[in-house]
Amino acid sequence: MAWQQPNPDDRSDNVERLQEAINNTVENMCKAEDALEHASEKDRADIEAKNHRREESLTAMRNEVKEEAADRENGYS
């Protein structure tokens, strides 16, 4: 098999992709909150734990959006 050169690092759409991931995560959190009404105690605990992890991920993604937007303004994309 011939050696293939890796694709160049294209970060031009990172902000948009991260924002889409944020929107999807928020939507999933809302759906999980709705599911709490019909969940057993064990499922309720699992859902709440997962939403807590999602909240931590949202914080990280929002920080990354800020960094990417700043990099874009500074011409690093």
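In what follows, the structure referred to is the one given above.
A short tour of the structure in this document, coming up. (Residues numbered from 1 in each chain as written. Predicted model: local features only at pLDDT ≥ 70, side-chain atom pairs only at ≥ 80, totals over all residues. Heavy atoms only, no water.)

### Description of helix H1 (residues 14–35)
Here is step 1 of the chain: Here H1 spans 31 Å end to end across 22 residues, near enough to the 32 Å set by a 1.5 Å rise per residue.
Here is step 2 of the chain: Listing the buried residues of H1 in full gives Asn14, Val15, Leu18, Ile22, Thr25, Met29 and Ala32. The buried residues of H1 occupy an angular sector of 110° when projected down its axis, which confines them to one face. Of the residues in H1, the exposed ones pointing more than 90 degrees away from the buried face are Arg17, Glu20 and Asp34.
Here is step 3 of the chain: Tucked inside the fold, the buried residues of H1 contact helix H2 (41–73). (Helix = DSSP H or I, 4+ residues; strand = E, 2+ residues; numbered from the N terminus. Expected span 1.5 Å × (residues − 1). Buried < 20%, exposed > 50% of the residue type's maximum accessible area, 1.4 Å probe, protein only. Arc of directions from axis to C-beta. Contact = heavy atoms within 4.5 Å.)

### Things to note about the nonpolar core
Here is step 1 of the chain: Counting residues in each nonpolar core, the largest one holds 7 residues, listed as Val15, Leu18, Ile22, Met29, Leu58, Met61 and Val65.
Here is step 2 of the chain: For this core, the secondary-structure elements that each account for two or more residues are H1 and H2.
Here is step 3 of the chain: With 4 residues, H1 is the single largest residue contributor to this core.
Here is step 4 of the chain: Apart from the residues lying within four places of it in its own chain, the contact partners of Met61 are Leu18, Ala21, Ile22 and Thr25. (Core = buried A, V, L, I, M, F, W, Y, C linked by side-chain atoms within 4.5 Å.)

The analysis is restricted to geometry; functional conclusions fall outside its scope.
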